[in-house]
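Here are the chains, one letter per residue:
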Amino acid sequence: MADKKITLSKNDRLAVWFRHQYLQGSWNYERMQNGGWCFSMIPAIKKLYPNKEDQIAALKRHMEFYNTHPYVSSPVIGVTLALEEDRANGAPVEDAAIQGVKVGMMGPLAGVGDPVFWFTLRPLLGALGASLAMGGSIMGPILFFVAWNVIRLAFEWYTQEFGYKLGTSITKDLSGGLMGKITEGASILGMFVIGGLVERWVSIKFTPIVSTVTQSEGAYIDWNAIAETANGGGQGVADAIQSALSQYSSLGATGLSIDKVTTLQANLDQLIPGLAAVGVTLLCCWLLKKKVSPIVIIIGMFAVGILGHLARLL
Amino acid sequence: MSVFTIILIVIVAFLAGMEGVLDQWQFHQPLVACTLIGLVSGHLDAGIILGGTLQMMALGWANVGAAVAPDAALASVASAILMVLALNSGADQSQAITTAIAVAVPLSVAGLFLTMIVRTIAIPIVHIMDGAAARGDFFAIDLWSIIAICLQGIRIAIPAAALCFIPSEAVMGALQMMPAWLSDGMTIGGGMVAAVGYAMVINMMATKEVWPFFALGFCLAAISQLTLIALGVIGISLALIYLGLKEVAKSGAGAAGSGDPLGDILDDYE
């Protein structure tokens, strides 16, 4: 055996990497990602085990329950490739050892993948792309799509290689402090960004009018005087526009009419802009913790929006 | 709509459906799916704006473990098609987009049920794959894996194709029947919906330790000169600083006096 050692070439590993993208293809409620995992391992199994019985045993071995975050599964498949390679070369690697590595890694890694990819990177890139897109810029979707996939493909390839090179020693890394730190760092960044997004993108406006004050002369634009200037025709209209705009820039929006209207929203914004948004978000957190379905909350929000609008509150 | 446009829309829908489960290329994210449907139907600008708006609502929707989130794939594909139908029948852009946003949420629920059905159908499929594994039949495993992925694609492609055949006059008629209070109210509700996604994210990550960072992000975002990239940079810096200091504090507890050079100097003066 020792003289003709079977190893997985870079092409084999690329084939596994390519198939591994379809990990969730046959996601099912029974054994979750098992079908996709077996599908991913096929190029390696074909290469490593020339005879039929070994192939069958390997295929069965990789149809066991498996479920983790689809991207951080890459280092797991890298380690598994290393283990299968050792086994094919005669090392005593038990079925239980392979399944143990898979199960042992999938939990802690999913705990890293979810906050890093779903709750930090995607909201961040998504919000960045969406804010460009809402202004009608094609750069929004392109930026999101390209940045996401470059990061993803590179991550999946390099962590798979990392797992393959390190073999089983990576499992020791998992219990070390590095994973915990990445998760914590991602949570900090995630919470910070979410705080920002809540302020910027959750919109609630309370329309009730708190006070209407008649402003003193000079605090508002005297539209009658402007109209008189404009009656001069030609140059007069230009002068009128200039006069109105210069007054507007010094007086601000409240100078547009005699009455200064203060809405409830304006009062709240003076405390902290977006206070109501954070209130709604925290309410959602609480409701979700009470096991209220997100769908029910969303539908409830539309109901509140419609009823609040009818009651002239929103 | 021409046959060619419908074919392209169905292809986009198929990709979105596959991605709804694979979660790799992100064709199911509104930003990508709505833009593509806008592109193939000749309403690129409207598609981009709809995609951006829906993306903001769907930011926190993610499948975690075995739990399945509201389905972004059907929501973005079907609402984009309805928007295109409305635009084709002469509705103005902002009205068409507003309506599309309003229907997106019920559609995401419908999509959720569809994916749950397909994920249940996948159970017998993996049993067939078990049988193939026992025979050492590589081809059958590949084939059934591909079939399973295609089922997820078809999940979105069929409703999309069906929507394409709704006469656009009917969509326009429904639009005109919708009273202003309803559409305005839906828009107001839509402004709040993003909070649900954010709350899902917060519940997943929040600990006593990280809440102050949420507060920091919230207050800093009120400064409108700070772009999202700037906020991201501040966030990364804060995370690095915090983790670094924590490390120092940990090692400082063991070795007396280390980690605080200024404190050491002050101590020496005593």
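Residues numbered from 1 in each chain as written. Chains lettered and ligands numbered in written order. Predicted model: local features only at pLDDT ≥ 70, side-chain atom pairs only at ≥ 80, totals over all residues. Heavy atoms only, no water.

A.B. asks: Would you mind going over the overall build of chain B in detail, with residue names and values included?
C.D. replies: When you go through chain B residue by residue, the secondary structure sums to 11 helices and 0 strands. When the elements of chain B are put in sequence order from the N terminus, they spell out α-α-α-α-α-α-α-α-α-α-α. Relative to a compact globule of 270 residues, whose C-alpha radius of gyration would be 18 Å, chain B shows 25 Å and is clearly more extended. Overall, chain B is about 85 × 60 × 25 Å in size when its C-alpha atoms are taken along their principal axes. Taking all 270 residues of chain B together, the buried fraction comes to 53%. Of the contacts made within chain B by residues no fewer than 6 positions apart, 72% connect residues no fewer than 24 positions apart. Summed over its atoms, the accessible surface of chain B is roughly 11,200 Å², and 74% of this surface lies on carbon and sulfur atoms. Side-chain charges of chain B comprise 6 positive and 17 negative groups, with the mean position of each set lying 12 Å from the other. (Helix = DSSP H or I, 4+ residues; strand = E, 2+ residues; numbered from the N terminus. Rg over C-alpha atoms; globule rule 2.2 N^0.38 Å. Buried < 20%, exposed > 50% of the residue type's maximum accessible area, 1.4 Å probe, protein only. Contact = heavy atoms within 4.5 Å. Areas by Shrake-Rupley, 256 points an atom, 1.4 Å probe, with all protein chains shown as cover. Lys, Arg positive; Asp, Glu negative; His and termini not counted. Charge placed at Lys NZ, Arg CZ, Asp CG, Glu CD.)

A.B. asks: Lay out the packing of aromatic side chains in plain terms, naming residues and giving numbers.
C.D. replies: Residue and element names in this part refer to chain A. This model, assessed by the stated rule, comprises 15 aromatic pairs over all chains. Geometrically, the ring pair formed by Trp17 and Trp157 is edge-to-face, given 5.9 Å between the ring centres and 70 degrees between the ring planes. Placement of Trp17 in helix α1 (residues 10–20) and of Trp157 in helix α6 (residues 139–166) is noted, with a sequence separation of 140 residues between them. A relative accessible area of 18% places Trp17 in the buried class. Taking 6.2 Å as the distance between ring centres and 15 degrees as the angle between the ring planes, the aromatic pair formed by Trp118 and Trp148 counts as stacked. Of this pair, Trp118 sits in helix α5 (residues 95–133) while Trp148 sits in helix α6; the two residues are 30 residues apart in sequence, bridging distant segments of the chain. Each member of the pair, Trp118 together with Trp148, is buried. Members of the aromatic cluster, each reached through a chain of ring pairs, are Tyr71, Phe117, Trp118, Phe144, Trp148 and Phe155. Above the ring of Trp118, the side-chain terminus of Arg122 is found at 4.5 Å from the ring centroid. (Phe/Tyr/Trp six-rings, centres within 6.5 Å; stacked < 30°, edge-to-face > 60°. Lys NZ or Arg CZ within 6 Å of the ring centre and 35° of its normal.)

A.B. asks: Explain the packing of helix α4 (residues 72–88) of chain B against helix α5 (residues 93–135) of chain B to me, and be specific about the residues and the numbers.
C.D. replies: Two numbers describe a pair of packed helices, the interaxial angle and the distance between the axes. Residues and elements named next belong to chain B. Their axes nearest at 7 Å, the elements α4 and α5 cross at an angle of 150 degrees. For the element pair α4 and α5, the recorded crossing hand is right-handed. Across from Leu74, Ala75, Ala78, Ser79, Leu82, Met83, Ala86 and Leu87 in α4, the residues of α5 making contact are Gln93, Ala96, Ile97, Ala100, Val103, Ala104, Leu107, Ser108, Ala110, Gly111 and Leu114. Taken together, the residues of the contact of α4 with α5 sort by class into 15 nonpolar, 4 polar and no charged. (Axes fitted to C-alpha atoms, helices over the stretch in contact; angles between N-to-C directions. Left-handed = near helix turned anticlockwise from the far one by under 90°. Nonpolar A, V, L, I, M, F, W, Y, C, P; charged D, E, K, R; others polar.)

A.B. asks: Account for helix α2 (residues 34–48) of chain A, naming residues and giving values.
C.D. replies: Residue and element names in this part refer to chain A. Over its 15 residues, α2 extends 20 Å from the first C-alpha to the last, a length consistent with the 21 Å expected when each residue adds 1.5 Å. Roughly 45 degrees is the biggest bend found in α2, and it falls at Ile42, with proline Pro43 one to four residues downstream. Counting buried residues in α2 gives 13 out of 15 residues, a clear majority hidden from the surface. (Expected span 1.5 Å × (residues − 1). Bend = angle between axes of the 7 residues up to and from the residue.)

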